[in-house]
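Descriptive analysis of the structure
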Amino acid sequence: MHTSRRSLLKSLLSIAVISAIPLTTRASALWPNRPIRLIVPAAPGGSLDILARTVAKELTTRLNQTVMVENMPGGGSNIAFGYVAKANPDGYTLLVGWDSLAINPALYPSLPYKLDQFAPISLAITAPQVLVVGPKLPVKNLKTFIEVARRDPSGISMANAGNGSPGHLAAALLESKAEIKFNNIPYKGGAPAVADLLAGHVDALMVTLAAALPHIQSGRLTALGVSSAKRSTGAPTIPTIAEAGLAGYDLNSWQGFLAPAGTPNEIIRLLNKEIVASLNNPETKKKLIADGFEVVASSPKVLGEYLASSTPKWAKLVKDSGAKVD
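Residues numbered from 1 in each chain as written. Predicted model: local features only at pLDDT ≥ 70, side-chain atom pairs only at ≥ 80, totals over all residues. Heavy atoms only, no water.

For the rest of this paragraph, the subject is the overall build of the chain. From N to C terminus, the chain includes 12 helices and 10 strands. In terms of overall dimensions, the chain has a C-alpha envelope of 100 × 40 × 30 Å along the principal axes. Residues counted as buried form 53% of the 326 residues belonging to the chain. The long-range share in the chain, meaning contacts at least 24 apart out of those at least 6 apart in sequence, stands at 78%. Surface accessibility of the chain: about 14400 Å² in total, with carbon and sulfur atoms responsible for 57%. Of the side chains in the chain, 32 bear a positive and 22 a negative charge, and the two mean positions are spaced by 7 Å. (Helix = DSSP H or I, 4+ residues; strand = E, 2+ residues; numbered from the N terminus. Buried < 20%, exposed > 50% of the residue type's maximum accessible area, 1.4 Å probe, protein only. Contact = heavy atoms within 4.5 Å. Areas by Shrake-Rupley, 256 points an atom, 1.4 Å probe, with all protein chains shown as cover. Lys, Arg positive; Asp, Glu negative; His and termini not counted. Charge placed at Lys NZ, Arg CZ, Asp CG, Glu CD.)

What follows concerns the side chain of Thr208. When you line up the elements, Thr208 lands in strand β7 (residues 204-208). Judged by its relative accessible area of 3%, Thr208 is buried. Within the structure, Thr208 has its side chain in polar contact with the side chain of Gln129 (distance 3.0 Å). Non-local contacts of Thr208, meaning those with residues more than four positions away in its chain, are made with Ser47, Trp98, Ala127, Pro128, Gln129, Ser253, Gln255 and Phe293. (Polar contact = N/O pair within 3.5 Å; in protein donor to acceptor, adjacent residues only side chain to side chain.)

Among the secondary structure elements, Thr126 is positioned in strand β4 (residues 118-133). Residue Thr126 is classed as buried on the basis of its relative accessible area of 13%. In contact with Thr126, not counting residues within four places along its chain, are Asn252, Ser253, Trp254, Phe293, Glu294 and Val296.

Attention now moves to the confidence of the model for the chain. On average, residues of the chain score 90 in pLDDT, and 91% of them are at 70 or above. Contacts from residues 7-23, a stretch scored under 50 in pLDDT, to residues over four places away or in other chains number 3 contacts. (pLDDT = per-residue confidence, 0-100.)

Within the secondary structure, Leu174 sits in helix α7 (residues 166-178). The class of Leu174 is buried, set by a relative accessible area of 0%. Taking the C-alpha atoms as reference points, Leu174 and Tyr249, 75 residues apart in sequence, are found 7.9 Å from one another. Other than its neighbours up to four places away in sequence, Leu174 contacts Leu131, Phe145, Glu179, Ile180, Phe182, Met206, Leu246 and Tyr249.

Before going further, it helps to examine the pairing of strand β6 (residues 183-186). Direction of pairing for strand β5 (residues 157-160) relative to β6: parallel, over a ladder of 4 bridges. Counterpart to Asn160 in the pairing with β6 is Pro186. You can see the chain leave β5, run along α7 and come back into β6, and the turn it takes is right-handed. (Pairing = 2+ DSSP bridges. Right-handed = clockwise from strand over helix to strand, strands pointing away.)

At their nearest, the axes of helix α3 (residues 47-63) and helix α11 (residues 282-290) sit 11 Å apart, and the two run at 175° to each other. One element, α3, and the other, α11, form an angle in the roughly antiparallel class. Facing α3, whose interface residues are Ile50, Leu51, Thr54 and Glu58, α11 presents Thr284, Lys287 and Leu288. Here the residues of the contact of α3 with α11 sort into 3 nonpolar, 2 polar and 2 charged. (Axes fitted to C-alpha atoms, helices over the stretch in contact; angles between N-to-C directions. Parallel < 35°, antiparallel > 145°, perpendicular 65-115°, else oblique. Nonpolar A, V, L, I, M, F, W, Y, C, P; charged D, E, K, R; others polar.)

Another point: the packing of aromatic side chains. Centre distance and the angle of the planes are the two values used to describe a pair of aromatic rings. Applying the stated criterion across every chain, the model contains 5 aromatic pairs. With a centroid separation of 5.8 Å and an interplanar angle of 45°, the aromatic rings of Phe145 and Phe182 are classed as tilted. In this pair, Phe145 is assigned in helix α6 (residues 142-151) and Phe182 in the loop between α7 and β6, connecting sequence segments 37 residues apart. Comparing Phe145 with Phe182, the two get one shared label, buried. Each member of the aromatic cluster is reached from another via a ring pair, and the members are Phe81, Tyr113 and Phe118. Lying over the aromatic face of Tyr92, Arg34 brings its terminal NZ or CZ to 3.8 Å of the ring centre. (Phe/Tyr/Trp six-rings, centres within 6.5 Å; stacked < 30°, edge-to-face > 60°. Lys NZ or Arg CZ within 6 Å of the ring centre and 35° of its normal.)

With that out of the way, let us pick up helix α5 (residues 100-107). The buried fraction of α5 amounts to 6 of the 8 residues, a majority that puts the element mostly inside the structure. The set of residues buried in α5 consists of Ser100, Leu101, Ala102, Ile103, Asn104 and Leu107. Check the buried side of α5 and you find it contacts α4 (78-85), β3 (93-98), β4, α7, β9 (252-260) and α12 (300-321).

At a minimum axis distance of 10 Å, the contact between α5 and α7 shows a crossing angle of 60°. Considering the angle they form, α5 stands oblique to α7. Touching Ser100, Ile103 and Leu107 of α5 are Pro166, His168 and Leu169, all from α7. Within the contact of α5 with α7, the residues separate by chemical class into 4 nonpolar, 2 polar and no charged.

Before going further, it helps to examine the environment of Leu303. In this structure, Leu303 sits in helix α12. On the accessibility criterion, Leu303 (0% relative accessible area) is buried. It is 9.6 Å that separates the C-alpha atoms of Leu303 and Gln255, two residues lying 48 residues apart in sequence. The residues touching Leu303, leaving out its near neighbours within four places in the chain, are Pro120, Ile121, Ser122, Leu123, Trp254, Phe257, Leu258 and Ser298.

Have a look at this one:
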């Protein structure tokens, strides 16, 4: 009997200790015990999708749990942003974010999200936009491209990965600096824009380098310049737009991982650790660089600071360039 009472007391004390642990901590200790969804705000095949699938494959192994990529294009990325912002903050719904997260507040009168509804995990990569032309516009350099655009205002159809995308703003900056005008054609991601450029349905495209690089390398698309101040490590033969004739032109984009605000710190820390390890895996890093990315693999704090500092810069560019939602 005495032994039974001792066992009962021990059990009750164990329950009391467990009950004293906050629910979020207990949930975090069990995480992940089911598949994780990684939301991509663009169609399959573009640069966001490339990054998402590369990291998801690594994370699936590292976490011993399936990480599923789910494409949610449309609305200038706002559909995906709003969805993740309102998702349960339990670590099972994550976002591959990019510049549009910080650009859209300056472009759209109303949004389904606020920046403080996201918890930064890691600034994964930076990458330039690339200006490419297809078979419909057989120019070989930026100077000739600008001359054609000046002769025919709004005559060049300029595709991008969506309103508010870095390519949209990069083209608007090009219009402003070169004093030209394009016919803006937004798509639901870089991949469908590249497909239409290859098919000759549009003249030109501003898109993250990774989405166009295979077609540049095959000779099906012609690269006229990258938007960053320095040439890409993965494509060093492509000149910068500044080198090609527009001095001072400089625009670089980013992509990273975020969770809904309120996601337990323990989960954010673990996700950061495993995502950074995934990005720094030598084979993965080599592939991403070859794809046209520059690997950063930052802490949550760095991404948070980057978002905070880039938002007013993008707002100024939207204002100065006159970029509008079409």
